[in-house]
Amino acid sequence: MSTTINTMLVEKRVIHPPAEFSAQARISSMEQYQALCEEAEQNLEEFWRNMAESGLEWRKPFTKVLDDSNAPFYTWFEDGELNVSENCLDIHLKNGNADKTALIFEADDGSVETVTYRQLHARVCRIANGIRALGYGKGDRAILYLPMSIEAIAMMQACARLGLTHSVVFGGFSARSLHQRIVDVGARLVLTADAQMRGGRQIPLKAAVDEALAYEGGDVVEKVVVYQRTGADINWEEGRDVPLSELETGQSEECEPVAVEAEHPLFVLYTSGSTGKPKGVQHASAGYLLWAKQTAQWVFDARPEDVFWCTADIGWVTGHSYITYGSLAAGLTQIVFEGIPTYPHAGRFWEMIQRHGVTIFYTAPTAIRSLIKASEQSPEHHPSRYDLSSLRLLGSVGEPINPEAWMWYYENVGGSRCPIVDTWWQTETGGHILTPLPGATPLKPGSCTLPLPGIDAAVVDEAGNELPPGAGGLLVIRRPWPAMIRAVWGDENRYRSSYFPDELRGMYMAGDNAQRDEDGYFWILGRTDDVLSVSGHRLGGTEIESALVAHELVAEAAVVGRPDATTGEAIVAFVMLKQAAPSAEEAQKVAETLRNWVASQVGPIAKPKDIRFGNNLPKTRSGKIMRRLLRLVAEGREIDQDTSTLENPDVLKQFSGVY
Ligand code: WT7
């Protein structure tokens, strides 16, 4: 079981929401929060029924709230019908917000383009009509491989408008990863761009699509729509590739939204698990959207005049829920940023907050930590050099935020006046789960605080018994919620075994270790599986191992995470070559080869930081690699743990060289 931390030692400080903030917040006191929790506890179905009836526009009203007869396969609002895109766009045209700014796009080079809800609606309709003209409709799957852009959001919305299920692949993944997802999801359509701009560099996208489609099974794709972002010279495959501009030409700016069943799969998003193969996390339409919108309103306390900036990429769930869906459904004005936080300088985020008058800023701890470091090195880009007075709320997501980074963020970015919502959730949960409500919840730096109303989260032991405060255990959610994962695409068994193990008797197992303190606050301790969190990106250790052993030089490999002050975790690979362990000089070269290989197989984000070579890996007598020992070696720590189960105790000594 996990290690336990003394939360009292970590941080004693409690920060209360500023009175001015609470005074005008949607949820403004703990009493109000508790009343909502009680309402949900007393009648869970009534609670969600009211929320879904008032929160969404239905084409056909639902009568049934939750069907748990086939647990753990749940359905929500099953006999209702709606359209997600209509709920994100059309509702604002009807309620007098047509000319409100929907998206403020800032390109890598600093140029800005703005669209209103009316303009975004028109664009989405044109694209949807174009996609329909190509012959696609409800039930088809599309893969999206795109840079952050208005076009990318419009394409996701266009899929939703037609009932196509989309699967967005992060632009940092390789052609191999793209291919794997195309085949797994059975996509007949790919939406991509010629290239993307990041940090002043042009990174090709279409070339990776061409490569992916050339691999076995890639011919399932019939059409590739290409948004010409940079005008780069690319290969055009006659009859297959269609420029986006051509797709839109002559298309009407009206496109009747297709009503779909509440449970219709809105998207499949691949995420790493504990095997080499990523899991296709499948989300439904109504339950997902309801929670994405409701949490945008509660947790970001969305107000009509807000300018909201979520810095995530649409390739991750954060970009789905809090750029493309929840925040548009909530009618927010938002920033969409193509570039990176350190280009052309480390003050880019602060400069953009100042330029656009951002009021709510939502980013990842890894970005904060790297900007702390950068502002120490170049004080002229310290946040205090910018006017950040427009900010009223800050957020954090993706990994635990250490109390030091929390305080820096609070004081230097938020001017000690903005609450910080540390939001714990996952690709699988669809939206926020454990998080402060900014007008109500007293904050403790480093804790994601309490479950949202309607969420029954707990910390349990391996038999599913709830643990007392201060004891580390498994984070679970004991009752279903509308935005939960519906399936692992095409793999019923994996859905059950990953999330609903028999021992936990129907509870959803998050895969995180956590503990609660005396006040019931949750503190996340890390993953229970070998999933790594690198710069807030979730990567599977096993996936990287599989890539390594697929290289002709490699006999065996084990991958673990090592704590890293900036990226959260750094990837460390222990590699046994087919030939004897290399000399120091050779090792350098082989390490470089393997890094590039991993980049080509999984993606540049999965490159191991350290590679260590040996003639053997530490194994138990039954042949299981002992990763916990490798973690100690990776950190350069003494092996004070029990090694008696180790078949070959001497093997640890050989890994001294780091490449
Ligand atoms: C894993 C989920 C949530 C959207 C982005 C990541 C870790 C996420 C927090 C937080 C501590 C966090 C967990 C979780 N995580 N948010 N506020 N505090 N840990 O989604 O890629 O599905 O990763 O990220 O380990 O299981 P994801």
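Summary of the structure given here.

**Some words on the pattern of salt bridges**
Summed over all chains, the structure comprises 42 salt bridges. Of the charged contacts in the structure, one is a salt bridge between aspartate 517 and lysine 444, with a shortest N-O distance of 2.8 Å. Residue aspartate 517 is found in the loop between β24 (508-516) and β25 (522-527), and its partner lysine 444 is found in the loop between β20 (420-423) and β21 (457-460); the two are separated by 73 residues along the sequence. As far as the burial class goes, aspartate 517 and lysine 444 line up, both buried. The network of salt bridges with shared partners includes Arg123, Arg126, Glu151, Glu248 and Glu253.

**Quick look at the sheet that holds β25**
Pairing in this open sheet of 4 strands is antiparallel, and the strands run β21-β22-β24-β25 from one edge to the other. Edge positions in the sheet fall to β21 and β25, since each has one partner strand and no second. Strand-to-strand twist of the sheet, defined as the mean angle between neighbouring strand axes without regard to direction, takes the value 45°. The pairing of strand β22 (residues 473-477) with β24 spans 4 bridges and is classified as antiparallel. Across the sheet, the residue bridging to valine 476 is methionine 509, located in β24.

**Observations regarding the environment of threonine 427**
With respect to the secondary-structure elements, threonine 427 resides in the loop between β20 and β21. Since its relative accessible area comes to 10%, threonine 427 is described here as buried. The spacing of threonine 427 and isoleucine 353 is 74 residues in sequence and 27 Å in space, taken between C-alpha atoms. Leave out the neighbours within four places in its chain, and threonine 427 touches Leu269, Thr271, Val281, His283, Val317 and Arg538.

**Structural notes on the site of the ligand**
In the vicinity of the ligand, 16 residues are found, and the nearest of them are Asp422, Thr423, Thr427, Arg527 and Arg538. Taking aspartate 422, its side chain carries an N or O atom lying 2.7 Å from a nitrogen atom of the ligand. Breaking the shell around the ligand down by element, the ones donating at least two residues are α12 (317-329), β20 and β25. Within the shell around the ligand, the residues separate by chemical class into 6 nonpolar, 5 polar and 5 charged.

**Focus: unusual backbone geometry**
Residue proline 72 is bonded to the preceding alanine 71 through a cis peptide linkage, with omega at 5°. A cis amide bond links tyrosine 343 with the next residue in sequence, proline 344, at an omega value of 0°. Among the secondary structure elements, proline 344 is positioned in the loop between β17 (333-337) and α13 (348-356). In this model, aspartate 301 sits at a positive phi of 50°, which is unusual for a non-glycine residue.

**Some words on helix α8 (residues 175-185)**
Within α8 the residues assigned to the buried category are Ala175, Ser177, Leu178, His179, Arg181, Ile182 and Val185. Positive backbone phi, at 65°, marks glycine 186, one or two positions downstream of α8.

**Some details on the pairing of strand β4 (residues 101-106)**
Across the 6 residues of β4, 5 count as buried, placing the element largely inside the fold. Where β4 meets strand β5 (residues 112-116), 5 bridges bridge the pair, whose relative direction is antiparallel. Residue threonine 101 lies in a different strand from β5, and its bridge partner there is threonine 116. The hairpin formed by β4 and β5 contains 5 residues between the paired strands, and glycine 110 there has a positive phi angle of roughly 95°. In the sheet, β4 pairs with β17 via 4 bridges, with the strands oriented parallel. Counted as the bridge partner of phenylalanine 105 is valine 336 from β17.

About the thresholds
- Residues numbered from 1 in each chain as written.
- Predicted model: local features only at pLDDT ≥ 70, side-chain atom pairs only at ≥ 80, totals over all residues.
- Heavy atoms only, no water.
- Salt bridge = Lys/Arg side-chain N within 4 Å of Asp/Glu carboxyl O.
- Helix = DSSP H or I, 4+ residues; strand = E, 2+ residues; numbered from the N terminus.
- Buried < 20%, exposed > 50% of the residue type's maximum accessible area, 1.4 Å probe, protein only.
- Pairing = 2+ DSSP bridges.
- Axes fitted to C-alpha atoms, helices over the stretch in contact; angles between N-to-C directions.
- Contact = heavy atoms within 4.5 Å.
- Near = heavy atom within 4 Å.
- Polar contact = N/O pair within 3.5 Å; in protein donor to acceptor, adjacent residues only side chain to side chain.
- Nonpolar A, V, L, I, M, F, W, Y, C, P; charged D, E, K, R; others polar.

Everything listed here is a matter of coordinates, which is why it stays silent on function.
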